[in-house]
Amino acid sequence: MHEGDLLAKHLRLSKDHAQALERLSIRTIRELLYHFPARYEQAGGEAAVANIALGAEVSLVGVLEKLETKRSWKRKIPISEGYLRDQSGKVKLMWFNQPYIAKMYMDGTTVKATGKVTGSAGKLYIANPHLEKVSLDENGLFRSEQNFSKENGLAERSEEIRGPFRRENSAEGDLSVAHTFFAIYPETKGISSLWFRHAIEKVLTQSLLESVEDPIPPEILKKYNLPSLRSALVWIHAPEELKQTVAARKRFAFEEIFYIQLSRAKERALQAHEKSFSIEATLTEIAAFMESFPFKATGAQTKAIETILHDMRAGRPMSRLLEGDVGSGKTAVAATAAYATVRTKPQGSKVGTLQVAYMAPTEILAKQHFESFIKYFEEYPINIGLITGSGCYKFPSKVNREKATTISRSQLLKWVANGEIPIVIGTHALIEKAVQFKHLALVVIDEQHRFGTNQRKKLAQKKGEVNLPAGRQVPHLLSMTATPIPRTLALTVYGDLDLTLIDQMPVGRKPIITKIVKKEERANAYAEIRTQLEAGRQAYVICPRIDEPDPDKAFALMAKSVKEESKRLKKDVFPEYSIEILHSKMLPKDKDEVMAKFANHEIDILVATSVVEVGVNVPNATVIFIEGAERFGLSQLHQLRGRVVRSNHQAYCYVCPESKGEQTTARLKALVTAKNGFELAEQDLLQRGPGELAGGKQSGISDIGMEALKNLKLVEAARSEAQTIIKNDEQLQKHPLLSRELQARANTLHFE
Ligand code: ADP
Ligand code: MG
């Protein structure tokens, strides 16, 4: 058996199991071993007979009693039944249509029964439980002598399994099984924890375990007191004590962060050898460009611009992440970098300029950037193009030098390819192969966390002209995000990027007033919103859903919907104001139309889903009311309210949770008190769990790795070890196992 083998080679898989495994992307032995338990159950502990609850899947260890076969009165099918008794009591077991069960087991046998608690209160039974015989051998180890039923899909076996069945100083029939832990795997339709336990035990007891080599150098394991890969695999799936699971999880957490760091450090080392365009705009030119802004740049903006220009002058590709709270003015920074780029002539060429590609996650945003750029570049004779899925534009129009015009896609692509359009803004449509540049020197990715890994990579890999005298040149990369991410995540996911923070807001901005709206305060909040509307301001109302919930699922999804809420507001609350809706299922042209109307103040209240989260800029909108607020992460709520801090008017944010749990309120209170988005991101990480972390889901980090991000020390240790290794062995030639491991993980490692 080899870890790369397909599961089907060693396990008999039923169709249902095969499908369930496919959904979990578990195809190989390795993937199976890296499918970790979500938790552990202790037989005799939480899984005591006395504690079972209707509907739960339980594993109980006890002694069989009163086994017999009957025939059901109504359905005329054979039924085996009996009882399982442990220290806490007994529970009925029933098998339908399996008359042989009662004959296979004897009363008094100690077994582990796993199945679903069925029936009704007071008359609970376990339906069709799987039984595993557990008995002691001469070494005091439990032997498991399962008779796998056919659905298990595993070959029958009865070999000794160490680990989960160990029981110390106890005699047969003694039910003090406090040391028995069962791994419970994340719930998935069609496949049970029991199946995983069996499959993994089978794999771990085969010769495979002996052949597992640990890629992590032993010195590192020793230094941080981490178990070897072999022990960690056994301990995480089949622990004898919970202590072992903790040690194993620590190892896998370290390992994941370490491999990511290693791959980042390797990429960085590679980048250091690449060449890029040297951007040569003079400081006077830059100063003049910034003078033309309708505002004075903040200190943080100026500093960011200086850093970026410094990077771009060096002739090596810049890889920089610009992180700044919503409304901190990142667009102006990007525009200045773009300006410096288009002021620079291609090396060895007297005509033409270097080019800029600026990618935004939505059409609305791309369009808005296009319009901002037209203003920023008003006084310069520079062509700007816009490419989106629904159409292309060019500025200026031939007929009217002040206006943009629609042009055909093919015409636009021609002008981009021959360099006549130096600045191209667009959605992911920019990534398409057909979009070719002549001298692409700067790639700007706005709201970068909104893009998939591959999308970002593809754009960053677009080349300028291949036959440049200087050889292949890689464009500079400026990634921007308003998503404040915790330091550990930044160090890990963006380990190969340099980080610049814009930690200052434009002067004159008043801090937003945030209020948590309880049910009885809703009318009050509406009255305050009305005051704002009367003063000429506009408002957003954010709902978690687009449509009314499907009536069958009404309970699970009581969240307000854009469509219904907009009708209700018009009818009952704000009849005198114009209200429209915006959501992701609308046609792009309808979305644009609504956004344009909102920007022109033809709409007073925009009822929307979180599509408005990303960068939308309507300065006159100063109020945002968020329904179902607990459904959003704190960082996301922070971004949403950022939509209304776009001017010097006082802005208001109302967050209205559906439920009134104390936890919800406590969590939302952080919004009122937090000084900035970074603080909220840290809180998201600690409170909501890493899975919910903005930027986390997209990053491809597993749950266990995300857990590790709560631990700055661990992340720093993994980072410094990885850097040391790469410093001495850039290509990992002296570390073949590590090199192979990175390859095996290539799909999950390359997310940035
Ligand atoms: P974000 O960082 O969220 O992308 P934007 O670049 O969209 O923010 O800027 C938000 C608003 O602030 C825009 O209307 C922009 O013109 C304005 N702005 C940017 N920088 C400044 C500044 N230094 N002073 C005043 N207003 C500014
Ligand atoms: Mg922005």
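### As for the overall build of the protein chain
- Summing up its helical and strand segments, the protein chain has 25 helices and 23 strands in all.
- Across the 752 residues of the protein chain, 54% fall into the buried class.
- At a minimum sequence separation of 6, the contacts of the protein chain that also span at least 24 residues come to 71%.
- If you sum the accessible surface of the protein chain, you get close to 34,400 Å²; carbon and sulfur atoms cover 51% of it.

### Here's the deal with helix H10 (residues 299-313)
- Between its first and last C-alpha atoms H10 spans 21 Å; for 15 residues at 1.5 Å apiece the expected length is 21 Å, and the two agree.
- Of all the residues in H10, the buried ones are Ala300, Gln301, Ala304, Ile305, Ile308, Leu309, Asp311 and Met312. End-on view of H10: buried residues confined to an arc of 165°, all on one side of the axis. Facing away from the buried side of H10 by more than 90 degrees, the exposed set consists of Lys303 and His310.
- Those residues of H10 hidden inside the fold are in contact with helix H9 (283-291), strand E9 (319-324), helix H11 (330-342), strand E15 (440-445), strand E16 (476-481) and strand E17 (498-502).
- Where H10 terminates, the next one or two residues include glycine 315, which has phi positive at roughly 85°.

### Comments concerning the packing of helix H19 (residues 634-642) against helix H20 (residues 662-673)
- It is the contact of H19 with H20, at a shortest axis distance of 10 Å, that shows an interaxial angle of 45°. Relative to H20, the element H19 lies oblique. In the crossing of H19 with H20, the sense of the turn from one axis to the other is right-handed. Touching Leu634, Leu637, His638 and Arg641 of H19 are Arg667, Leu668, Ala670 and Leu671, all from H20.

### A closer look at the pairing of strand E11 (residues 384-388)
- Summarising burial for E11: five of the five residues are buried, a large majority.
- For E11 and strand E12 (residues 391-395), the ladder comprises five bridges, and the chain directions are antiparallel. Residue isoleucine 387 lies in a different strand from E12, and its bridge partner there is cysteine 392.
- Count of turn residues in the E11/E12 antiparallel hairpin: two residues.

### What to know about the nonpolar core
- Formed by 57 residues in total, the largest nonpolar core has its most connected members in Phe254, Phe258, Leu262, Ile387, Leu430, Phe437 and Leu459.
- Per-element tally for this core: the top contributor is helix H8 (residues 242-271), with nine residues.
- Within the second largest apolar cluster, 49 residues are counted, among which are Ala281, Ala297, Leu322 and Ala338.

### Regarding the pattern of salt bridges
- For the structure on display, the rule yields 29 salt bridges.
- One salt bridge in this structure joins glutamate 31 and arginine 27, with 3.8 Å as the shortest N-O distance.
- Note on arginine 27: relative accessible area 37%, which makes it partly exposed.
- One salt-bridge network, held together by shared partners, links Glu3, Arg30, Asp214, Arg251, Glu255, Glu741 and Arg745.

### Some words on the environment of lysine 727
- Following the sequence through the fold, lysine 727 ends up in helix H23 (residues 712-728).
- Judged by its relative accessible area of 75%, lysine 727 is exposed.
- C-alpha of lysine 727 to C-alpha of alanine 269: the two residues are 458 residues apart in sequence and 8.3 Å apart in space.

### Examining the sheet that holds E15
- Read from one edge to the other, the open sheet built from nine strands follows the order E13-E12-E11-E14-E10-E15-E16-E9-E17, with strand pairing classed as mixed. Looking along the sheet, the strands with just one partner apiece sit at the ends: strand E13 (405-407) and E17. Direction aside, the axes of adjacent strands within the sheet are offset by 20° on average.
- Set on the sheet, H11 makes contact with E9, strand E10 (355-359), strand E14 (423-426), E15, E16 and E17; between it and E10 the angle comes to about 155°.

### Quick word on the site of ligand 1
- Not every one of the 16 residues close to ligand 1 is listed here, only the nearest: Lys296, Gln301, Gly327, Lys330 and Thr331.
- Contacts to ligand 1 include lysine 296, whose backbone N or O atom sits 2.9 Å from a nitrogen atom.
- Between glycine 329 and ligand 1, the recorded distance is 3.1 Å, taken from a backbone N or O atom to an oxygen atom.
- Relative to its unbound accessible surface of 570 Å², ligand 1 loses 85% to contact with the protein.
- Taken together, the residues of the shell around ligand 1 break down into four nonpolar, seven polar and five charged.

### What about helix H7 (residues 229-237)?
- Taken together, the buried positions of H7 are Leu229, Ala232, Leu233, Ile236 and His237. Within H7, the buried residues cover an arc of 110° as seen down the axis, which keeps them to one side.

### Some remarks on the sheet that holds strand E19 (residues 538-542)
- Across the sheet, which stays open at both edges, the six strands sit in the order E18-E23-E22-E19-E21-E20 with parallel pairing between neighbours. Each having just a single partner strand, strand E18 (513-516) and strand E20 (579-582) make up the two edges of the open sheet. Strand-to-strand twist across the sheet, computed as the mean angle between neighbouring axes with direction ignored, equals 20°.
- Judged from the five bridges that link them, strand E22 (residues 621-627) and strand E23 (residues 652-656) form a sheet pairing that is parallel. Residue pairing in the sheet places isoleucine 624 in a bridge with cysteine 653 of E23.
- The strands touched by H20 within the sheet are E18 and E23, with E18 carrying the most contacts at an inclination of about 170°.

### Quick look at the packing of H7 against H8
- It is at 8 Å that the axes of H7 and H8 come closest, and there the two elements cross at 125°. It follows that H7 is oblique to H8 by the angle criterion. H7 and H8 meet at a crossing whose hand is left-handed. Only Gln244, Thr245, Ala247, Ala248, Arg249, Arg251, Phe252 and Glu255 of H8 make contact with H7, whose side of the interface consists of Leu229, Ala232, Leu233, Trp235 and Ile236.
- The residue inventory of the contact of H7 with H8, partitioned by class, reads eight nonpolar, two polar and three charged.

### Concerning the confidence of the model for the protein chain
- Mean pLDDT over the protein chain works out to 82, with 85% of the residues at or above the 70 mark.
- Below pLDDT 50 for its whole length, residues 136-179 participates in 104 contacts with residues either more than four positions away or in separate chains.
- Below a pLDDT of 50 lies the segment residues 465-469, which in the model reaches seven contacts outside its immediate sequence neighbourhood of four places, other chains included.

What counts and what doesn't
- Residues numbered from 1 in each chain as written.
- Chains lettered and ligands numbered in written order.
- Predicted model: local features only at pLDDT ≥ 70, side-chain atom pairs only at ≥ 80, totals over all residues.
- Heavy atoms only, no water.
- Helix = DSSP H or I, 4+ residues; strand = E, 2+ residues; numbered from the N terminus.
- Buried < 20%, exposed > 50% of the residue type's maximum accessible area, 1.4 Å probe, protein only.
- Contact = heavy atoms within 4.5 Å.
- Areas by Shrake-Rupley, 256 points an atom, 1.4 Å probe, with all protein chains shown as cover.
- Expected span 1.5 Å × (residues − 1).
- Arc of directions from axis to C-beta.
- Axes fitted to C-alpha atoms, helices over the stretch in contact; angles between N-to-C directions.
- Parallel < 35°, antiparallel > 145°, perpendicular 65-115°, else oblique.
- Left-handed = near helix turned anticlockwise from the far one by under 90°.
- Pairing = 2+ DSSP bridges.
- Core = buried A, V, L, I, M, F, W, Y, C linked by side-chain atoms within 4.5 Å.
- Salt bridge = Lys/Arg side-chain N within 4 Å of Asp/Glu carboxyl O.
- Near = heavy atom within 4 Å.
- Polar contact = N/O pair within 3.5 Å; in protein donor to acceptor, adjacent residues only side chain to side chain.
- Nonpolar A, V, L, I, M, F, W, Y, C, P; charged D, E, K, R; others polar.
- pLDDT = per-residue confidence, 0-100.

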